[in-house]
Amino acid sequence: MSAERPELSRLEVMNALRISKLEAFYATIHITLTGGAFQTGFALWLGAGNLLMGVISSFPTFAGLSQLFSAYFIERTGNRKWFTAWFSAISRFLWLPILLVPLVLPKSIQLLTFVVLFLISSLCGSLPGPAFTSWMSDLVPPDQRGRYFGRRNMIIGFTTMIVSLPGAWFLDLAVKRHMFSEQLGFAGLFGFAVLGGVGSFMCLAKQAEPPMTTTPASEFSGVGGLIEFYRAPFVDREFRSLLVFSGLFSAAQFFAAPFYVVYAIKELKLNYVWIQVFATIASITAMGSMPIWGYLSDKYGNRPLLAISIMGVGTLPLWWVITGPRFIGLSLIFICINNLMAGIFWSGVTLTQFNMLIANTPDERKSIYVGSMSAVQGVAGGIAPIIGGALLTALADVRLSIFGWILGSYQIVFVINSGIRFLTFIPFKKVIDAGSSSAREVLSQITTARVSSIVQIRKLTRSSSEQNRREAAQALRSARTTLAVEELILTLQDPSLHVRQDAAEALGEIGDPRAVEALVMCLEDREAGMVADAASALGRIGDPSAIPSLISLVGTGPIIDRVTIIRALGRIRSGEAVQFLLDLLEESAEVPTEVVEASINSLGTIGSELAVPALIKLSNSKSRSIRLAAIRSLGDIGAETSGKRLLECLEVENDPA
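For the overall build of the protein chain, give the residues involved together with the corresponding values.
Within the protein chain, the regular secondary structure consists of 33 helices and two strands. Compactness check: the protein chain gives a C-alpha radius of gyration of 33 Å against a globular reference of 26 Å for 657 residues, more than 25% above the reference. Projected onto the principal axes, the alpha-carbon positions of the protein chain cover approximately 115 × 70 × 50 Å. Residues classed as buried in the protein chain amount to 53% of the 657 residues present. Contacts in the protein chain between residues at least 24 apart in sequence constitute 79% of all its contacts with a sequence separation of at least 6. If you sum the accessible surface of the protein chain, you get close to 28,700 Å²; carbon and sulfur atoms cover 62% of it.

Shown next as structure tokens:
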């Protein structure tokens, strides 16, 4: 059943999506200043060791288990907005007592108090997950999810960049330069983060919520109904494949996640500014690549892009393996390269994984599907860093020498982390994303495309100027990039005939069979004035599936269109058209000479020996142009049976052919 909340108007939806972008800005301020290096540094400053660091970093992921209970509540009540707003606010406002921990409590209980408060904050922050995901899923149109969340994530990246560096500089004034106490340094960061939480709460309170399709109350009745409610995602075969993959990938993601910053602070002796410089590099590349990921996900589907992203993030830990305090300059270069790649590939993972979750959840029980995903990720991602921390502690005194390269405990853990990430491809093979392309196909198109082609695609689809669209279509024709096929197909409906003609010519030059259906539609719509252009493009593409449509139009229309269609039949080089062309030649007395010549030339291009007898006959035609066309086609076919006639022609014809 649906809640009584009315459907949102288009204007209300657009306003809600705008507010959601602003909410992302405020929420990112809080997440940036209370997470990553700042959270790790605070825990280390309070005295946390490697094992406890693994435990602390597991809290946000373990907290995903709480979403199983919040999903039940959301499905029963249908109230996503205030549930999301209030629990998010509680999670963020708990950083007020956290910032007071080192200021008012004795040293002996500071670490324990922080751990408890952080655990509660993580639980409260995780609870709204199913509600928020369901809310945004209903709010964002399906065909715009890639682009919208790409832009929203770009705002997140930009905010991370502009907040993290000043925060790191401020903290270094306390930790490295001792201009004021470290307690005040962390308190200042966390206090500003809470202000971001206030802004996020205000935006969530203003953001409109569409009506929710809830699960009928009868399905919750009794223990059996409750069990059925919770088991639904796990008996859904397609979603279960996504669950298994996501669980293992979460483990791979968080296995060593907290220890990269620990390694940078403790082993490489980097300050917070350096760490945030690298984070800023990642944010900049993420911000620049996010719109491209969004565009590509709408174009090719999420699965192939997620596969490419997994391949990329699998290599990231290896860059840390070749760093060390003995060659700090080179290490900084390696970490810089690592973060450049991290911004690109992690942004791809974030966007495509979220889109696949939304796409694979039904409208009913959406919350429990999202909750079960978070629970699986929470268990796997929560256990993983604890294991990583325990392993790091156990390997504390281990040193391995490989070809003279010394690997310590951190490097060994990083190598293992890389291996686990690549292992996720095993369950990933069973993940389904209906209608998506293959990763190999996407890679082949991306790697052959130039940045200028992407610019021209955007120009083709967005420019209001006819001249600009024509220039873009012509540039894409020259580039011959298959990346532009879908956009050029859409351009076949452009208001301008010249733009449509340029698009058809570009599609013919690119030669991708995906354009055949759209070009056939142009071919059959004579009023669009695109018959000759569409036929020429179909001939260049050379797909035999277009032959019946081409044949059906040969007998009507202007001669120039008929000639172009017949030439296209020849360029396709399929025997399917031979008999039709031969039948045309049988009626040559009633058919215009230009059409007869085009038929003869196409038969020569196709190269079928079935045409030889008819061409030998036409080599005696009274029309010189038809006679010479037949001779040339006989030469193109090269059949031995035409040799005698060609020798005879050689004696009587004065044409060099």
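Text resumes after the structure shown.
Tell me about the environment of F345, residues and numbers included.
Structurally, the position occupied by F345 is in helix α16 (residues 328–359). Measuring from C-alpha to C-alpha, the distance between F345 and V398 comes to 32 Å, with 53 residues separating the pair along the chain. Here F345 is in contact with I308, S309, G312 and V313, once residues within four sequence places are set aside.

Could you give an account of the pattern of salt bridges, naming the residues involved and the relevant values?
Applying the stated criterion across every chain yields a total of eleven salt bridges. Among the ionic pairs, E471 bridges to K459, the shortest N-O distance being 3.3 Å. Of the two residues, E471 is situated in helix α22 (residues 466–479) and K459 in helix α21 (residues 451–462); the sequence distance between them amounts to twelve residues. With a relative accessible area of 34%, E471 lands in the partly exposed category. Residues joined by salt bridges that share partners form a network here, namely E23, R92 and R152.

If you had to explain the layout of surface pockets to someone new, which residues and values would you point to?
Of the volumes computed, that of the second largest pocket is approximately 380 Å³. Lining the second largest pocket are 19 residues, with Y263, E267, R399, G408 and Q411 positioned closest to its centre. When contributions to the lining of the second largest pocket are tallied by element, the ones reaching two or more residues are β2 (405–407) and α18 (409–423). Counting residues per element, the lining of the second largest pocket draws most heavily on α18, at three residues.

Help me get a handle on the packing of helix α15 (residues 303–321) against α18, residues and values and all.
Between α15 and α18, the shortest axis-to-axis distance is 8 Å and the interhelical angle comes to 170 degrees. Classified by the angle their axes make, α15 and α18 are roughly antiparallel. Side by side, α15 and α18 meet where I310, M311, V313, G314, T315, L316, P317, L318, W320 and V321 of the first sit next to Q411, F414, V415, N417, S418, R421 and F422 of the second. Considered class by class, the residues forming the contact of α15 with α18 number eleven nonpolar, five polar and one charged.

Analysis parameters
Residues numbered from 1 in each chain as written. Predicted model: local features only at pLDDT ≥ 70, side-chain atom pairs only at ≥ 80, totals over all residues. Heavy atoms only, no water. Helix = DSSP H or I, 4+ residues; strand = E, 2+ residues; numbered from the N terminus. Rg over C-alpha atoms; globule rule 2.2 N^0.38 Å. Buried < 20%, exposed > 50% of the residue type's maximum accessible area, 1.4 Å probe, protein only. Contact = heavy atoms within 4.5 Å. Areas by Shrake-Rupley, 256 points an atom, 1.4 Å probe, with all protein chains shown as cover. Salt bridge = Lys/Arg side-chain N within 4 Å of Asp/Glu carboxyl O. 1 Å grid on protein atoms, 1.4 Å probe; cavity = no way out; pocket = protein on both sides within 12 Å on 5 of 7 lines; lining within 4 Å. Points joined across faces, edges and corners; volume = space filled by probe spheres on them. Axes fitted to C-alpha atoms, helices over the stretch in contact; angles between N-to-C directions. Parallel < 35°, antiparallel > 145°, perpendicular 65-115°, else oblique. Nonpolar A, V, L, I, M, F, W, Y, C, P; charged D, E, K, R; others polar.

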